[in-house]
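Residue-level structural notes
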Amino acid sequence: MLSDIETFIYEPESPQFTIGRSTDADFTISSSELSRKHCKVYIREHRVFVEDLESKNGVYVDGQKITPNTKVEIFPETEVMLTKELQLKIFGGETRTGLKLEAFIAPKPLVKYKKTKVKSG
């Protein structure tokens, strides 16, 4: 079985931006699991917060669904799941902050095969 990870990198130009599947979002990702405007990320003096914008599937921080319209601080080691397969990670240092989104694509079999009936006789 092979599993692929698709990675999206976004280095924000403003201290707050939206993530979603709509072209109106600042960071657009084509995923049916994302709401048009799924969440908002805030960067304040090297602190990062995420806010669920009343998305259909919610935002999970360290396994807990966060309350919509409430800012939750996140750290590089924090697990932030925007969908079952899309994880948000922070990277950066004192001079810049960026976000990495990793989409875990479902495992695929290496070889496809078709079952056939064996005739006895």
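As the structure is a computational prediction, the values presented were derived from the model and not from experiment.

Conventions adopted
Residues numbered from 1 in each chain as written. Predicted model: local features only at pLDDT ≥ 70, side-chain atom pairs only at ≥ 80, totals over all residues. Heavy atoms only, no water. Pairing = 2+ DSSP bridges. Helix = DSSP H or I, 4+ residues; strand = E, 2+ residues; numbered from the N terminus. Buried < 20%, exposed > 50% of the residue type's maximum accessible area, 1.4 Å probe, protein only. Contact = heavy atoms within 4.5 Å.

A short note on the pairing of strand 4 (residues 39-44)
Both strand 2 (residues 16-20) and strand 4 contribute to a ladder of 4 bridges, which runs antiparallel. Its bridge partner being in strand 4, Phe17 is matched across the sheet by Val41. Looking at chain direction, strand 4 and strand 5 (residues 47-52) are connected through 6 bridges and run antiparallel. Residue pairing in the sheet places Lys40 in a bridge with Glu51 of strand 5.

Looking at the environment of Gly20
Structurally, Gly20 is set in strand 2. In this structure Gly20 comes out as buried when scored by relative accessible area, which is 0%. In this structure, the C-alpha to C-alpha distance between Gly20 and Ser32, residues 12 residues apart in sequence, is 9.9 Å. Apart from the residues lying within four places of it in its own chain, the contact partners of Gly20 are Ala25, Phe27, Thr28, Ile29, Leu34, Ser35, Arg36, Lys37 and His38.

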